Amino acid sequence: MTEARASASPGPDANSLVSPTSSRSVTETVNGSHNFVIKGYSLAKGMGVGKHIASENFNVGGYDWAIYFYPDGKNPEDNSTYVSVFIALASEGTDVRALFELTLLDQSGRGKHKVHSHFDRSLESGPYTLKYRGSMGYKRFFRRAMLETSDFLKDDCLKINCTVGVVVSAIDCSRLHSIQVPESDIGAHFGMLLENEEGSDVVFDVAGEKFHAHKLILAARSPVFEAEFLVGKGENDCEVIVTDMEPKALLHFIYRDTLIEDEELSASSSSCMSSDSETLAEKLLAAADKYGLARLRLMCESLLCEDISVNSVAKILALADCYHAMDLKAVCLKFAAENLVAVMRSDGFEFLKEKCPLLQSELLKTVAGCEEDVSCGVTKSRSVWAQFSDGGDTNARSVRQQAWEGNNGERSRSMWVQLSDSGDTS
C-alpha cells in the first residue's frame, strides 16, 4: 500500500516575492461641440407644438448626435410660450451616459451668451443615460416673446452651440512618467527650404516672376514632375515657363502639405494671372489635376463643396467634370437633381445647356435615380418630379415617363426641352 502525504507549501520568503502590479480605472468625458445656425426663424414659427428643426448629425465619443430646436415648444401645456432645445442620441442599439451644455449665442458682440451647462453641476443621479432617440435638454429653454426682442436673434437668425460629453471608463496602464512627442514639423522645414531657396535647381518663370524650387521634392510629390525631371529628357532643364497655374499656392502645398491663406496669396503679383472671379480652390483644382496631386484635389473638392448653392452648382459641376473631381461631381449632380426647378432657373443652367451637353445626360440619369429612390422608399426626400407637379405642370407625367425609358440621344434632348418648359413660370 502506498501512502500519500500532503505537505504544506512554504510561506513567501524574500527570494520568492514578485514585484506588485497596479492598475487604475479612469472615468471621464470625451467632449465634442457642434454649431447649429437656424436661418429664417420667423418662417419656422407656427410649425406646431412638438415639431422640431434638426441639425445635421455630428459624432462625439463614437456616437451620433443631433440638436433639435422646437420653435413652438415641445410641451403642449406651455401653449407655444417657450422655445425648446434638446440634444438627441442618433445612434441605434446602444446605451450612452452623457452630459451636455447648450449655449445661445449673443449676436450683439458683447458676449452675453445664454449658457445652460451640466458639466459643472453635482447631479444627484449622475450623468444622463440615453437610448436611441433619447434626448436631454430644456422644454422651457427661452420665453419666445423675450427671444424675439433680444440680441440672440439677428437678421432672423439664431446660433446655438452644443457641447456633448460622453462618459467613458478605461483602465489606465500607462507609466507614471511619459515623454510627449511633438507633432511632425517636416512641413515647416521643407517650407523654409522653399523660402530660403537653398539648393534650388529649377526655376518657374511666371510672366517674368521667378520661383525657385527643387527637382527632387517636386518629383517626389508629383508623378508629372517626376516624369519631367527624373525620367524624361528634361532632367537637366533649369527653367520652366508657366502660363496656366498659380505657382505660389501650388509650391506651398507641395512643400508644406497645406493650403496657402488667401491673404498671403493676394500679396503675390502672380495672382493676377487668373481671373479675379476665380477662387483659390478653383485655381488649385486645375493645378491638382494637371500635376496628379490627389490629396490637393480632394482638399479643393472639400472647399468647393461648401460653396454649392442653387446659383453656383452648375459652375461647380462644370469645374468638377473638367478636372476629374469625381466626389465633387457626384455631390453637384445629386444637389442639382434634388433642387431641379430652382437650378433650371439659374444663369448657370443656361451655360450648362450650351457648353456641357454630356453633363445634361448625366444630370438626367441622376434625376431618374433620385426618383427611383423615392419610389422604393430609400430616401425621405420629396420626389424630384413632385417639384413640377407642385407648380401645376401638366407635362410632368410625360417627363417622368421619359426618364424611366432612357437618357440618351433624341430622348434626352426632348426631355430637356420639356424640363425647361416646366421650370418657366413666365
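With an unreviewed UniProt entry as reference, the protein is termed BTB/POZ domain, source organism Dillenia turbinata. Under the Function (unreviewed entry) heading, UniProt states for the protein: "May act as a substrate-specific adapter of an E3 ubiquitin-protein ligase complex (CUL3-RBX1-BTB) which mediates the ubiquitination and subsequent proteasomal degradation of target proteins." The record held by UniProt for the protein lists under Pathway (unreviewed entry) the comment "Protein modification; protein ubiquitination."

### Remarks on the confidence of the model for the protein
Scored by pLDDT, the protein has a mean of 79; 75% of the residues are at 70 or more. Of the regions scoring below 50 in pLDDT, residues 269-276 engages in 17 contacts with residues more than four places distant in sequence or in other chains. Residue range residues 420-426 is modelled with pLDDT below 50. Its contacts to residues more than four positions away, or to other chains, number ten contacts.

### Considering the packing of aromatic side chains
Overall, the coordinates contain nine aromatic pairs when judged by the stated rule. Each ring, one from Tyr70 and one from Phe86, has its centre 6.0 Å from the other, and the planes form 80 degrees; the classification is edge-to-face. Taken as a pair, Tyr70 in strand β4 (residues 63-70) and Phe86 in strand β5 (residues 82-89) lie far apart in primary sequence, 16 residues in all. The interplanar angle of 70 degrees and the centroid separation of 5.6 Å between the aromatic rings of Phe142 and Phe152 together place this pair among those described as edge-to-face. Here Phe142 is found in strand β9 (residues 135-143), whereas its partner Phe152 is found in the loop between α2 (144-147) and β10 (157-172), with ten residues between them in sequence. Judged by relative accessible area, Phe142 falls into the buried class, the value being 11%. Members of the aromatic cluster, each reached through a chain of ring pairs, are Phe100, Tyr128, Tyr138 and Phe141. Sitting over the face of the ring of Phe86, Lys74 holds its NZ or CZ atom 4.1 Å from the ring centroid. Against the face of Phe253 rests Arg221, its NZ or CZ located 5.0 Å from the ring centre.

### Some remarks on the state of the cysteines
The tally for this structure, following the rule as stated, stands at zero disulfides. Cys332 carries a free sulfur, and the closest cysteine sulfur to it, the one in Cys305, is 7.2 Å from it. When its relative accessible area of 0% is taken as the criterion, Cys332 is described as buried.

### Regarding the sheet that holds strand β13 (residues 239-241)
With mixed pairing, the three strands of this open sheet are ordered in space as β12-β11-β13. Among the strands making up the open sheet, the edge pair consists of β12 (209-213) and β13. On average, each strand axis in the sheet is tilted by 25 degrees relative to the strand beside it, whichever way the strands run. Two elements, strand β11 (residues 202-206) and β12, share five bridges in a ladder whose sense is antiparallel. The residue bridging Val202 from the neighbouring strand is Ala213, located in β12.

What counts as what
- Residues numbered from 1 in each chain as written.
- Predicted model: local features only at pLDDT ≥ 70, side-chain atom pairs only at ≥ 80, totals over all residues.
- Heavy atoms only, no water.
- UniProt positions renumbered as here; feature names shortened; annotations may be inferred.
- pLDDT = per-residue confidence, 0-100.
- Contact = heavy atoms within 4.5 Å.
- Phe/Tyr/Trp six-rings, centres within 6.5 Å; stacked < 30°, edge-to-face > 60°.
- Helix = DSSP H or I, 4+ residues; strand = E, 2+ residues; numbered from the N terminus.
- Buried < 20%, exposed > 50% of the residue type's maximum accessible area, 1.4 Å probe, protein only.
- Lys NZ or Arg CZ within 6 Å of the ring centre and 35° of its normal.
- Disulfide = S-S within 2.5 Å.
- Pairing = 2+ DSSP bridges.
- Axes fitted to C-alpha atoms, helices over the stretch in contact; angles between N-to-C directions.

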